[in-house]
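Residue-level listing of the chains:
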Amino acid sequence: MSKIIYTKTDEAPALATLSFLPIVEAFTQTAGVAVETSDISVATRVLAEFPDYLTEEQRVPDNLAELGRLTQDPNTNIIKLPNISASVQQLKAVIKELQSKGYALPDFPEDPETDEEKELRKRYGKALGSAVNPVLREGNSDRRAPKAVKNYARKHPHSMGEWKQWSSTHVSHMHGGDFYDGEQSMTLDKARTVRMDLLLDDGTTKVLKPEIALQDKEVIDLMVMSKESLLEFYEREMEDCREAGILFSLHVKATMMKVSHPIVFGHAVRIYYKDAFKKHGELFDKLGINVNNGMADLYDKISTLPASQREEIEQDLHACQEHRPRLAMVDSAKGITNFHSPNDIIVDASMPAMIRNGGKMWGADGKLYDCKAVMPESTFARIYQEMINFCKWHGNFDPTTMGTVPNVGLMAQKAEEYGSHDKTFESSDAGMARIVDVDTDEVLLEKRVEEGDIWRMCQTKDDPIQDWVKLAIRRARESNTPVIFWLDPYRPHENELIKKVNMYLKDHDTEGLHIEIMSQVRAMRYTLERVSRGLDTISATGNILRDYLTDLFPILELGTSAKMLSVVPLMKGGGLFETGAGGSAPKHVEQLVEENHLRWDSLGEFLALAVSLEHLAENDKNTKAQILADTLDKATEKLLLSDKSPSRKTGELDNRGSHFYLAMYWADELAAQDQDSELKEQFTSFAQKLKDNEDTIVKEMNEVQGKSIDLKGYYHIDEELAKQVMRPSETFNDTLASL
Ligand SMILES: NC(=O)C1=CN([C@@H]2O[C@H](COP(=O)(O)OP(=O)(O)OC[C@H]3O[C@@H](n4cnc5c(N)ncnc54)[C@H](OP(=O)(O)O)[C@@H]3O)[C@@H](O)[C@H]2O)C=CC1
Ligand SMILES: O=C(O)CCC(=O)C(=O)O
Ligand SMILES: [Mg+2]
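Per an unreviewed UniProt entry, the chain is named Isocitrate dehydrogenase [NADP], and its organism is Psychrobacter coccoides. The record held by UniProt for the chain lists under Catalytic activity (unreviewed entry) the comment "D-threo-isocitrate + NADP(+) = 2-oxoglutarate + CO2 + NADPH". A UniProt comment under Sequence similarities (unreviewed entry) is attached to the chain, and it reads "Belongs to the monomeric-type IDH family."

Structure, rendered in structure tokens:
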């Protein structure tokens, strides 16, 4: 029997699944397709890591590891919904919630000292940050807006803030001492085992990573971020921002870059509140405050102090603000600033939102202001400045006419920076950071570091690069669209890639295709010139720009990256179908809990399911699955055109109602098709029943809204209760059961 694995994740997508999955199961069983679920929510991943602390009944399997293994099986077909990439604050909340539900998990050791604590920290570390996607992404990424979605956006444009030529908004990045500066890179001449060590000034060495197996032709890089340069940069930019009178906002990706970016974030917070940290530093250390986890950690820990002491600290923090720029807010109503948590402003989504807003972010007074968007690493920050320049000159983009920018991203096998967190270190001493061949002691790459500098090694294997070039050419051919490889010859790593791209392009028939290699800034400019003329351009990029561009362009073109088709053709032949290119939308859960309205749009799930079925049809020669895929695509288009996507407003059609309409249109299409009489027969009466009951079902789904609900948890909700919430129409449930 053909099988699709449907992941259960967190927050809004997990809730949406409770409503959508029964529909998927009902429809796919008619084609002999089984749908198996795999729970990879952060709570389940934590439980899977600690069987030794749990009772027999409480233990859960390590689903993520199993899915990781399955990526190597050519028959694998996974639909992957967005999941939480947890910050330390979130992980602590997960643990607390599970403990309160009777799971005897150990506390999270914040400052591990004993070996036992260090071991626990390591185990919890597996659930921190982006812990799921890199395991499953054993293929490169193909993300694009399907034609129907793009056409819909052209006819029904979302709102766009207005860009003024005199806007003060800009991007600030380091001009020296960052990872870009002095990067070193090489392509291996043979398979080698290397170690990462630090040769101290007294001649001794500290081994940080004893053994890393490298493959022949793999590209490796050594990069350093100087602490001194970073601190100077922050000091200068904060003062510049204060003088300019605009908002200061820091944009990082602390989930994917889970070692380096919390450190980069923490330095910004400490510089901003420099005087308070000078005065109370010792006490903060004693309390175990670590602002790499955000100001939330500080406020949390000082809350245990006597009121007078706490107030003094609060006043001193306040006093710092008077000499500093105003901070951009994440939630002005709740007083949550940009420094609250490193995961609150996640660059891929936060920069596009700001650009879509005409270069504005929220101030503490709930009004919009120009801002200084600070992204310390210059490597990719420059693309945003280039886009801002374009917007200032040409005005905001027009979703009704703008072209589209699909992306083919080099991502497989933990490529580039996004795979480097286990090889990233905050240097404890000054010395030479080195990558050394273990067998020959040959030093492959080395660079001077000072105490506190961050240094890392990145790996990019050759097979994924070949596969990436192949995928880019395939997409260019299939869509008859120019493809630009965004590669910067001044960056050593990308210079190595340029050599490989030029070499591997020769393996393909490129006759008649428009293929160019350009540095990122030029590629952005070139792409935007075309976008503004309604022309499409494929961006073929490395892993970070894959992430950034697949939120940036969709948010401008479609209003959200949730409407993207996001396919990962696994290198071993299976398929991983991600749903949209965005995250798990925590704000949507808030609205559901307060008002029983879920504004999550499952369009990404619909698109992923169609390509998953198509893949399965081809692999298993299952013609019914192909019919399901084709009719689902038609139903999705009809859903868009009939305006049955979820509304943001409570009382109107929400996620659940849109699922009903998808089911009705899908059934209609299956009843209308003539390729398979069995399916036609099965769906004709079913479609009629749904149509007959449309008003009742929509009424049942809408009338429950407006009241708060209790899911008995956040990370580990009561699933039975949540199912009732997400399936409020008895009429629809009964009709579905009759299929
Ligand atoms: N693939 C993955 O697994 C990914 C996971 N993440 C994780 O997701 C969490 C949240 O990340 P965050 O940066 O806030 O980004 P999100 O993409 O979750 O949310 C940003 C905003 O985008 C809109 N949005 C996103 N998806 C949908 C959807 N399906 N329907 C309607 N609107 C949508 C919402 O806007 P509005 O509020 O206006 O409705 C939402 O508030 C984090 O834990 C992050 O690590 C992030 C990216 C990818
Ligand atoms: O895994 C994550 O934390 C985020 C992934 C992401 O943003 C993306 O792939 O677009
Ligand atoms: Mg992203």
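Picking up after the structure, the text goes on.
Colleague: For this particular structure, what's the right way to read the packing of helix α8 (residues 227-244) against helix α9 (residues 260-272)?
Modeller: The geometry of a pair of packed helices is captured by two quantities: the angle between their axes and the separation between those axes. For the pair α8 and α9, interaxial distance at closest approach is 10 Å and the crossing angle is 50 degrees. The angle between the axes of α8 and α9 places the two elements in the oblique class. The chirality of how α8 crosses α9 is right-handed. Of α9, the residues touching α8 (which contributes Lys227, Leu230, Leu231, Tyr234, Glu235 and Met238) are Val264, Phe265, His267, Ala268, Ile271 and Tyr272. When grouped by side-chain class, the residues that make up the contact of α8 with α9 number nine nonpolar, one polar and two charged.

Colleague: Teacher, can you tell me more about the pairing of strand β4 (residues 141-144) here?
Modeller: Regular strands place side chains that alternate from one sheet face to the opposite one. Of the pairings in the sheet, the one linking β4 to strand β15 (residues 407-409) comprises three bridges and is antiparallel in character. Among the inter-strand pairings, Arg143 is bridged to a residue of β15, identified as Asn407.

Colleague: Would you mind showing me how to read the site of ligand 2 here?
Modeller: Close to ligand 2 lie Ser85, Ser130, Asn133, Arg137, Arg143, Lys253, Thr255, Met256, Asp348, Arg546, Asp547 and Ala581. A distance of 2.8 Å separates an oxygen atom of ligand 2 from a polar side-chain atom of Lys253. At 2.8 Å from an oxygen atom of ligand 2 is found a side-chain nitrogen or oxygen belonging to Asp547. Computed on the free molecule, ligand 2 has an accessible area of 290 Å², of which 89% lies beneath the protein chains in the complex. Taken together, the residues that form the shell around ligand 2 break down as two nonpolar, four polar and six charged.

Colleague: What should I look at first to understand unusual backbone geometry in this one?
Modeller: Peptide bonds are mostly trans, and most non-glycine residues show a negative phi. The backbone phi angle of Lys414 is positive, close to 55 degrees, even though this residue is not glycine. Assignment of secondary structure puts Lys414 in the loop between β15 and β16 (424-426). What makes Lys414 partly exposed here is its relative accessible area of 40%. A positive phi angle, close to 55 degrees, is found at Lys712, a residue other than glycine. Summarising the element assignment, Lys712 is placed in the loop between α24 (694-703) and α25 (719-726). Since its relative accessible area comes to 46%, Lys712 is described here as partly exposed.

Parameters at a glance
- Residues numbered from 1 in each chain as written.
- Chains lettered and ligands numbered in written order.
- Predicted model: local features only at pLDDT ≥ 70, side-chain atom pairs only at ≥ 80, totals over all residues.
- Heavy atoms only, no water.
- UniProt positions renumbered as here; feature names shortened; annotations may be inferred.
- Axes fitted to C-alpha atoms, helices over the stretch in contact; angles between N-to-C directions.
- Helix = DSSP H or I, 4+ residues; strand = E, 2+ residues; numbered from the N terminus.
- Parallel < 35°, antiparallel > 145°, perpendicular 65-115°, else oblique.
- Left-handed = near helix turned anticlockwise from the far one by under 90°.
- Contact = heavy atoms within 4.5 Å.
- Nonpolar A, V, L, I, M, F, W, Y, C, P; charged D, E, K, R; others polar.
- Pairing = 2+ DSSP bridges.
- Near = heavy atom within 4 Å.
- Polar contact = N/O pair within 3.5 Å; in protein donor to acceptor, adjacent residues only side chain to side chain.
- Areas by Shrake-Rupley, 256 points an atom, 1.4 Å probe, with all protein chains shown as cover.
- Buried < 20%, exposed > 50% of the residue type's maximum accessible area, 1.4 Å probe, protein only.

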